[in-house]
Amino acid sequence: MNPSEIFFEDVAVGAELPALVKVPTTVQLFRYSAVTWNAHRIHYEKEYAIKEGHPDVLVQAHLHGAFLLQMIGDWMGPRGRLVRFGWSNRGRAIPGDTLTCTGRVIDKRVVDGQHLVDLEIVETNQRGEVCAPGQATVALPSQEARQ
Amino acid sequence: MLPSKDEIVQRPELVYPIGEVTALMFQRYAIAVGDLNPIYFDDAAARAAGYPGIVAPANFLTSVLGWQAGPAEPDLLADGTEARILVPEIRGLRLMGGGHDLTFGQPVVPGAVVTARRKLVDLYERQAKFGLLTFAVSDIVYTDQRGEHLVTCRETVIAAK
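Residues numbered from 1 in each chain as written. Chains lettered and ligands numbered in written order. Predicted model: local features only at pLDDT ≥ 70, side-chain atom pairs only at ≥ 80, totals over all residues. Heavy atoms only, no water.

A. View of a nonpolar patch on the surface. A surface patch of nonpolar side chains, amounting to about 260 Å² of accessible area, comprises Ile31(B), Leu36(B) and Phe41(B). Locating Ile31(B) in the fold gives a position in helix α2 (residues 23-33). (Patch = residues over 30% accessible without salt bridge, like charges linked within 9 Å, V, L, I, M, F, W, Y side chains within 5 Å. Areas by Shrake-Rupley, 256 points an atom, 1.4 Å probe, with all protein chains shown as cover. Salt bridge = Lys/Arg side-chain N within 4 Å of Asp/Glu carboxyl O. Helix = DSSP H or I, 4+ residues; strand = E, 2+ residues; numbered from the N terminus.)

In structure tokens:
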């Protein structure tokens, strides 16, 4: 968690978000499948995953998204609000992979009193291959509103 | 042969009565992700952040694939997936999550009684280097007992033969 609060005025276009590194395990994948009621065998049965042409059990599509969201949440702080968030599953990931989420501010604007920041985000593996690219728009608190 | 766009939009939506969301449900979710943001666990921290109390992780509702008690194991497809949420054209194929676009409304709080409505919006094929892929695009809209919009997910599922 990033304990400090970020205000709209503090954010510059081009600024990088602090990276978040996740190393998913088979235990994590099992628990994620369990809490999401996802019985798809490619996520917990290695032999079955291999039969479908995968190297091992696969990190769930939504877990890639959750990692990216965690990075955004840590950066924007508790008073930030997500407006939109999207990602694509471009590359597979398996337990033991080192997944690094990074992000960059690509625009900021005020619309109907909302202080919006657009982010370009991506999750890559230890070989630098893209697993999940995405984009998000968040609303940040403004220093003006505080005064 | 895939159905035409006209046929697709005429298909009925699937309505899921998700029921009441509890703190335990979404806190287990957050723990499984490894995201220990206090706004999911600590009412005081959430209130200090402008929420009425703890809230669910933003993608909690949209990540849960099944909301009923079932299906029983014999009713799952061979790959473990649930036929009901898949359009007939991709049932039994090798499936992968393609992408998701979420638009957020009100935060999801404990006690929210949620309904989801799933509607197919597009179905198309693309030739990839490893064969023909089918893309099924659906919109899933989540609302609470007051009709407030919580989140909408545009989901793309990729199916390979």
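B. Structural detail: the pattern of salt bridges. Enumeration over the complete set of coordinates arrives at 11 salt bridges over all chains. Glu120(A) is the partner of Arg104(A) in a salt bridge, and the nearest nitrogen-oxygen pair spans 3.0 Å. One end of the pair, Arg104(A), is in strand β3 (residues 99-111); the other, Glu120(A), is in strand β4 (residues 114-124), with 16 residues separating them in the sequence. For Arg11(B), the salt bridge identified is with Glu89(B), shortest N-O distance 2.6 Å.

C. A look at the pairing of strand β5 (residues 130-139) of chain A. Residue and element names in this part refer to chain A. Judged by how many residues are buried, β5 sits mostly within the fold: 8 of 10 residues are covered. For strand β2 (residues 81-88) and β5, the ladder comprises 6 bridges, and the chain directions are antiparallel. Each residue of the ladder has a partner; that of Phe 85, found in β5, is Ala 136. Here β4 runs beside β5; their pairing, made up of 9 bridges, is antiparallel. Bridge pairing in β5 links Glu 123 to Ala 132. Where β4 hands over to β5, the hairpin turn is made up of 5 residues, of which Gly 128 adopts a positive phi near 80°. (Buried < 20%, exposed > 50% of the residue type's maximum accessible area, 1.4 Å probe, protein only. Pairing = 2+ DSSP bridges.)

D. Main features of the interface of chain A and chain B. Taken together, the 40 residues of chain A in the interface contact 40 residues of chain B. Together, the buried faces of chain A and chain B total about 3200 Å²; carbon and sulfur atoms form 55% of this surface. Of all the elements in the fold, those that place two or more residues in the side of chain A that touches chain B are α1 (26-35), α3 (61-76) and β2 of chain A. Here the element with the most residues in the side of chain A that touches chain B is α3(A); it accounts for 9 residues. Residue composition of the side of chain A that touches chain B, by class: 18 nonpolar, 14 polar and 8 charged. With 5 bridges joining them, β2(A) and strand β2 (residues 94-104) of chain B adopt antiparallel strand pairing. Across the sheet, Arg84(A) pairs through a bridge with Thr103(B), a residue of β2(B). (Contact = heavy atoms within 4.5 Å. Buried area = accessible area lost by both parts, 1.4 Å probe. Nonpolar A, V, L, I, M, F, W, Y, C, P; charged D, E, K, R; others polar.)

E. Local environment of the sheet that holds β4(A). Within the open sheet, the 10 strands sit side by side as β1(A)-β3(A)-β4(A)-β5(A)-β2(A)-β2(B)-β5(B)-β4(B)-β3(B)-β1(B). Their pairing is antiparallel. Either end of the sheet is taken by a strand with one partner, and the two such strands are β1 (16-22) of chain A together with β1 (14-20) of chain B. Adjacent strand axes in the sheet meet at a mean angle of 20°, parallel and antiparallel pairs treated alike. Of the strand pairs in this sheet, β2(B) and strand β5 (residues 149-160) of chain B are connected by 10 bridges, and their pairing is antiparallel. Looking across to β5(B), one finds that Thr103(B) is bridged to Thr152(B). (Axes fitted to C-alpha atoms, helices over the stretch in contact; angles between N-to-C directions.)

F. The environment of Pro12(B), seen in detail. Residue and element names in this part refer to chain B. For Pro 12, the position within the fold is in the loop between α1 (5-10) and β1. What makes Pro 12 exposed here is its relative accessible area of 73%. As a C-alpha pair, Pro 12 and Arg 118 span 106 residues in sequence and 9.0 Å in three-dimensional space.

G. Expanded view of the layout of surface pockets. Size it by volume and the largest pocket reaches roughly 850 Å³. Every element with two or more residues in the lining of the largest pocket is listed here: α1 and α3 of chain A together with β2 and β5 of chain B. Approximately 650 Å³ is the volume attributed to the second largest pocket. If you trace the second largest pocket, you find 25 residues lining it, with Arg90(A), Met96(B), Phe130(B), Leu133(B) and Ile158(B) closest to the centre. Mapped onto the lining of the second largest pocket, the elements with two or more residues apiece are β2, β3 (113-128), β4 (131-143) and β5 of chain B. Broken down by element, the residue count for the lining of the second largest pocket peaks at 6 residues, all from β2(B). In terms of residue class, the lining of the second largest pocket is made up of 10 nonpolar, 9 polar and 6 charged. (1 Å grid on protein atoms, 1.4 Å probe; cavity = no way out; pocket = protein on both sides within 12 Å on 5 of 7 lines; lining within 4 Å. Points joined across faces, edges and corners; volume = space filled by probe spheres on them.)

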